[in-house]
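# Descriptive analysis of the structure
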Amino acid sequence: LFRQHRTAFEAFGATEEDCVVQDHALFRSHADELCSSLVVTRLFLCSFLDVNPLFEGTGRTPSGLLEHITIPNPAVAALQAGPADLDILEFDVPELSCDP
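Report on the accompanying structure. (Residues numbered from 1 in each chain as written. Predicted model: local features only at pLDDT ≥ 70, side-chain atom pairs only at ≥ 80, totals over all residues. Heavy atoms only, no water.)

## Quick look at the state of the cysteines
For clarity, the threshold we go by: Working definition: a disulfide is two cysteine sulfur atoms within 2.5 Å of each other. Working definition: helices are DSSP H or I runs of at least four residues, strands are E runs of at least two. Numbering for both runs from the N terminus.
All chains considered together, the criterion is met by one disulfide. Between the sulfur atoms of Cys 19 and its disulfide mate Cys 46 the distance is 1.7 Å. Across the S-S bond of Cys 19 and Cys 46 the torsion is about 75°, and the bridge reads as right-handed. Linking Cys 19 in the loop between helix H1 (6–11) and helix H2 (25–29) with Cys 46 in helix H3 (residues 38–49), this pair joins segments that are 27 residues apart in sequence.

Put into structure tokens, the structure is as follows:
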């Protein structure tokens, strides 16, 4: 994907080896492209959701299977540093759909 859209990736400061965008303001200025641009979607997922580096963002894997992502969700017990109680922030996440 990077090789096909090198100029667009590089405009965000991404390289083939590192897709994390440090300047998050770039996403705000391209928010309307989140569901329509493979590059913006790929970089957003890489920067904020630690997406698998093999994820292409095209909807299909190179072998033609449906592509999907898994959002990291560690067990609460894994987050506990010691015997102290945990303060857990809970919030509702609005549903997001990129379907037309």
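## Notes on the side chain of Ser 37
Basically, it comes down to this: The rule is simple: take the accessible area with a 1.4 Å probe, protein chains only, and divide by the maximum for that residue type; under 20% is buried, over 50% is exposed, in between is partly exposed.
On the secondary structure map, Ser 37 appears in the loop between H2 and H3. Classification of Ser 37 by relative accessible area gives buried; the value is 17%.

## What to know about the nonpolar core
Most often, soluble globular proteins keep nonpolar side chains buried together rather than apart. Applied cut-off: Here the nonpolar core consists of buried residues drawn from Ala, Val, Leu, Ile, Met, Phe, Trp, Tyr and Cys, with membership extended through side-chain atoms lying within 4.5 Å. Contacts are assigned to residue pairs with any non-hydrogen atoms lying within 4.5 Å of each other.
By size, the foremost hydrophobic cluster in this structure holds twelve residues: Leu 1, Phe 2, Phe 9, Phe 12, Ala 14, Cys 19, Val 21, Phe 27, Val 39, Val 40, Leu 43 and Cys 46. With four residues, H3 is the largest single contributor of residues to this core. Among residues more than four places away in sequence, those in contact with Phe 9 are Leu 1, Phe 2, Ala 14, Val 39, Arg 42 and Leu 43.

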